[in-house]
Amino acid sequence: MPRAGSNVGLTERAYRIRRHAVRMGQVQGQGYVGQALGIADVLAVCYFHALRYRPDDTLWEGRDRFLLSIGHYAIALYAALIEAGVLPEEELETYGTDDSRMPMSGMAAYTPGMEITGGSLGHGLGIAVGMCLGLKRKRSDSFVYNLLSDGELGEGSTWEATMSAAHHKLDNLIAIVDFNNLQADGPSTAMLSSEPVTDKFEAFGWHAQRVDGNDIEAVRVAFDLARGLKEPRPRVIVCDTRIAKGVPFLESRDIAHFIRVEPHEWTLALDALEKGRPQ
Amino acid sequence: MRLSKFAPRQAVNAGERKTTSAMIASIAPDGIPTRNAPFGQTLARLAHQRPGIVGLTADLAKYTDLHVFAQEYPDRFYQMGMAEQVLMSAAAGLAREGFTPFATTYAVFASRRAYDFICMAIAEENLDVKIVCALPGLTTGYGPSHQATEDIAIFRGMPNLTIIDPCDALDIEQATEAIADHKGPVYMRLLRGKVPLVLDEYDYTFQIGTARLLRDGADVLFISSGLMTMRVLEAAKVLEADRIGCAVLHVPTIKPLDTEAILAAARQPGRLVVVAENHTIIGGLGEGVAALLMREGVTPIFRQIGLPDEFLDAGALPTLHDRYGISTAEIVRRVRTWTE
């Protein structure tokens, strides 16, 4: 477990995940960097507090499974996997290029640590249901995490899976919803609102929490609660995040779903991150 | 041609009028030997030897013969409810954890509703999921909501997916075993309930990707899959009495096609080639064979027997099989016309 014996704090991990993501964006000149910056705190808690895994053996049977159903967030997960030591840092230079192990949209066959191919939204939670059933058959105590987005809650298949997980009492399932209220055509709540989102999960039989996804301590507490809960129910943690968090001039940009950044701005973004770096 | 539901119907031959059958009409005519639930029985038997086999269904265990497995192995059976998308993605998840899931539903729901989930969660990952679906083609009188007349056309374009269209109980039993052995995703069309047994009279064993010449003949070459193989075998006997010699090449694997066997049979000169399938003539075995023959420069006189490019009527199955040209009598009539 990489966190054992490490004295690097979660906020520093989150900072580094953001920096890796921005540097990958810099290589490509574009990308879903806003989402990566927004979810970095949650990923820091996942990879340096909650998940059990072995960086050098990503198929270790005893690992917790982390499913990224939102394939376009791949840059965020690559950044976390680099920080976790699963992928070498030099490789971030290859992000999105020909023959790279890090394609623009996350695919299981390409990347160690990428459990599923997630580009078509609404698949992750259903696969998680099957994996949880399988882990129970094997008497495994591993958890399955599925990072979804608020926009993905518009896919009906997600709610089939939500019902199914409760029906099968999948207490080894933890869904994380990145609620950044932004999808391709505009604010998620203006596209197809999923609010009140925790009420919906609770009505479907889940244990639901909602936290500020950029408050690392709050996220950590929520993960501990979700893992430790002694109830035969699946768990969801809805994380309200701010797109482009940590880079103020991008946070305030209108079109933030797929950020195009002027070449000189990447350096400015790295500077902004550095300024906010924990001491 | 569909009758308007507003047009008054004439009670023709009221005394003999056939009624719409139950959801799944038996395709076995009276007096023919059958076996009950060949898929369910075989899967239950296989599960005994293979602890990795699990079964899932979307509220259709009894109608896909999976209930036989479910009764024997209740703890290895997952009832997913009426939710085909999570049926397929959960099967993918179980396969990811090392199990061999058999997922069952009706062919319409797998192909039309759950396509993306089969494609991206299962096929793209080349996972070991077996999708076994009842009511293929025209095997129910319930109308287009339940008639999977285009399932093969939908699935043929999906990379990695093996497609099986077995003919009878023997074929289903052997195919079930073969697909359990096969590494990778499979879509199998299923005849359920009392399924005719016809191939036991021939020297036949099922093998994935292998077509079998069941009989030879000089005038017509039938290339067929699924239940149409038993129909063309019957038709061949009738036509033989007319001195029309018919060969029958059974092609239970639609993908990958046994190109060698098809080409070898179709290359024999002087024979009319008739592809017969329980599927729309668009995008199924017929067009697959036609494209293969064209690519290889083999150009016999070519005919297709299959369902028309229409949404089909509701009604009694024997009536519909006659109406749409896939009954034995209709096959005989058409071949006589074509060979005149």
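Parameters and conventions
- Residues numbered from 1 in each chain as written.
- Chains lettered and ligands numbered in written order.
- Predicted model: local features only at pLDDT ≥ 70, side-chain atom pairs only at ≥ 80, totals over all residues.
- Heavy atoms only, no water.
- UniProt positions renumbered as here; feature names shortened; annotations may be inferred.
- Helix = DSSP H or I, 4+ residues; strand = E, 2+ residues; numbered from the N terminus.
- Buried < 20%, exposed > 50% of the residue type's maximum accessible area, 1.4 Å probe, protein only.
- Contact = heavy atoms within 4.5 Å.
- Pairing = 2+ DSSP bridges.
- Axes fitted to C-alpha atoms, helices over the stretch in contact; angles between N-to-C directions.

- The name that an unreviewed UniProt entry assigns to chain A is Transketolase, with the source organism given as Mesorhizobium shangrilense.
- Heading Sequence similarities (unreviewed entry) of the UniProt record for chain A holds this comment: "Belongs to the transketolase family."
- The UniProt entry for chain A carries the following comment under Cofactor (unreviewed entry): "thiamine diphosphate".

1. Description of unusual backbone geometry
Residue and element names in this part refer to chain A.
Step number 1: Each neighbour pair has its own omega, and for glutamate 195 with proline 196 the value is -5°, a cis peptide bond.
Step number 2: Among the structural elements, proline 196 can be located in the loop between α6 (188-191) and α7 (197-203).
Step number 3: Here aspartate 99, not a glycine, exhibits a phi torsion of approximately 65°, which is positive.
Step number 4: Locating aspartate 99 in the fold gives a position in the loop between α3 (74-83) and α4 (124-137).
Step number 5: Residue alanine 244 is not a glycine yet carries a positive backbone phi of 65°.
Step number 6: By the element assignment, alanine 244 lies in the loop between β6 (235-240) and α9 (248-251).
Step number 7: Judged by its relative accessible area of 0%, alanine 244 is buried.

2. Remarks on the environment of Thr94(A)
Residues and elements named next belong to chain A.
Step number 1: Here threonine 94 shows up in the loop between α3 and α4.
Step number 2: For the pair threonine 94 and arginine 233, spaced 139 residues apart in sequence, the C-alpha separation works out to 41 Å.
Step number 3: For threonine 94, the residues in contact, after removing those within four places along its chain, are Ser100 and Met102.

3. A word on the sheet that holds strand β2 (residues 65-68) of chain A
Residues and elements named next belong to chain A.
Step number 1: If you trace the five strands from one edge of the open sheet to the other, you get β2-β3-β4-β6-β5, paired in parallel fashion. Two strands close off the open sheet at either side, each with one partner strand: β2 and β5 (207-212). Sheet twist, expressed as the average angle between the axes of neighbouring strands with direction ignored, equals 20°.
Step number 2: Across the sheet, helix α8 (residues 216-228) is in contact with β3 (144-149), β4 (173-179), β5 and β6; its angle to β5 comes to roughly 170°.

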